[in-house]
Amino acid sequence: IMRLKLTGQRTLWAAFALALCAALLTYHFTQRAGETALRVQLDQSLILTARAVETEIARFGSLPGIAAQDARILAALAAPQNPANQAIANRYLAKVGQMSGAAQLFLMGADGTTIAASNYDTEQSLVGKNYSFRPYFQAAMQGQHGRFYAIGVTTGLPGYFLSSPVTYGAASGALVVKVDLTPLQATWSRAGLSMAITDQDGVAFLSGAPEWL
């Protein structure tokens, strides 16, 4: 009878241990599956977010180069001190900005001074301001297309700057388009998405979570 009882207890403990192992294994694999599913979901969200940003920027990618070839822009570049040329270029850039949805468009001379701008008739007009220190201007003066995210010196508003070189005879300069990406940030915030885009130093400059900025 004692042997039967001991055997029964061993069988009970073995069954209990087996059940516990099975439960632990189930928990482990369930947790791993949950983590994998979450990781896949996050990866997909990041891919979609990156594509949204890239698409928004790409929408304006060709605009600086196209606007730079307009006769009104070339005339202003060739004779920046001519008030008539400047006025015509200002109105042209304002119209292009209105139709394209770009935050700003402006023409810079070889010294980095703004000759004409889409916001010429506002208190924050860029006309006459010098931005020669900006990387997008320096890139354009080297014959390259500039790309740079920064806070506007004059407006205090962030934006993604795209530039193209402009040449007309002996005159040279840069045509710059500023893209406002804050609508994307507002969309993330409304959707409750804690997304952020950081620069090469790890500083978040766009985020659906304001405290991350």
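Here the residue index of a chain counts from 1 through its sequence in written order. Per-residue local features are limited, in this predicted model, to residues with pLDDT of at least 70; the limit for side-chain atom pairs, both in listing and counting, is 80 or more; totals at the level of whole chains, interfaces and linings are taken over all residues. Calculated side-chain values reflect all of the structure's heavy atoms, with hydrogen atoms and water omitted.

**Examining the sheet that holds strand β4 (residues 158-168)**
And step 1. The pairing criterion for strands is at least two bridges between them, as found by DSSP. Only DSSP runs of H or I covering at least 4 residues are called helices, and only runs of E covering at least 2 are called strands; the numbering of each starts at the N terminus. Read across the open sheet, the five strands follow the order β2-β1-β5-β4-β3; overall the sheet is antiparallel. The strands lining the two open edges of the sheet, one partner per strand, are β2 (114-117) and β3 (146-151). Ignoring which end each strand starts from, the neighbouring axes of this sheet average 25 degrees apart.
And step 2. Direction of pairing for strand β1 (residues 104-109) relative to β2: antiparallel, over a ladder of three bridges. Every angle, taken between N-to-C directions, lies between 0 and 180 degrees, and every axis is a line fitted to C-alpha atoms, over only the stretch in contact when it is a helix.

**Points about the pairing of β4**
And step 1. Across six bridges, β3 lies against β4 in antiparallel orientation. Looking across to β4, one finds that A150 is bridged to G159.
And step 2. Following β3, the chain reverses through six residues before pairing antiparallel with β4; G156 in that reversal takes a positive phi of roughly 75 degrees.
And step 3. Here β4 runs beside strand β5 (residues 171-179); their pairing, made up of nine bridges, is antiparallel.

**Quick look at helix α6 (residues 182-190)**
And step 1. Turning to α6, its buried residues are L184, Q185 and W188. One face of α6 carries all of its buried residues, which in axial projection span an arc of 100 degrees.
And step 2. Phi turns positive, to about 70 degrees, at G192, one or two residues after α6. For each residue, the accessible area found with a 1.4 Å probe, counting protein chains only, is set against the maximum for its type, and the residue is called buried under 20%, exposed over 50%, and partly exposed in between. Comment: arc refers to directions from the helix axis out to C-beta atoms.

**Some details on the packing of aromatic side chains**
And step 1. Two rings from Phe, Tyr or Trp (for Trp, the six-membered ring) form a pair when their centres are within 6.5 Å of each other. A pair whose planes differ by under 30 degrees is stacked, one over 60 is edge-to-face, and the rest are tilted. By the definition in use, this model includes four aromatic pairs.
And step 2. Pairing F106 with Y136 gives two aromatic rings, centres 6.4 Å apart and planes at 75 degrees, and the pair type is edge-to-face. One end of the pair, F106, is in strand β1; the other, Y136, is in helix α5 (residues 135-141), with 30 residues separating them in the sequence.
And step 3. Here the aromatic residues F106, Y131, F133, Y136 and F161 are joined through ring pairs into a cluster of three or more.

**Remarks on the environment of S163**
And step 1. By the element assignment, S163 lies in strand β4.
And step 2. For S163 and L105, which are 58 residues apart along the polypeptide, the C-alpha to C-alpha distance reads 9.6 Å.
And step 3. Here S163 is in contact with P64, Y136, A140, Q144, H145, G146, R147, L175 and V176, once residues within four sequence places are set aside.
And step 4. Residues adjacent in sequence count toward polar contacts only when both atoms are side-chain atoms; beyond that, a polar contact is any pair of N or O atoms within 3.5 Å, and within protein one must be able to donate a hydrogen and the other to accept it. Looking at S163, its side chain comes within polar contact range of the main-chain oxygen of Y136, at 2.7 Å. The contact criterion used throughout is that any non-hydrogen atoms of two residues lie within 4.5 Å.

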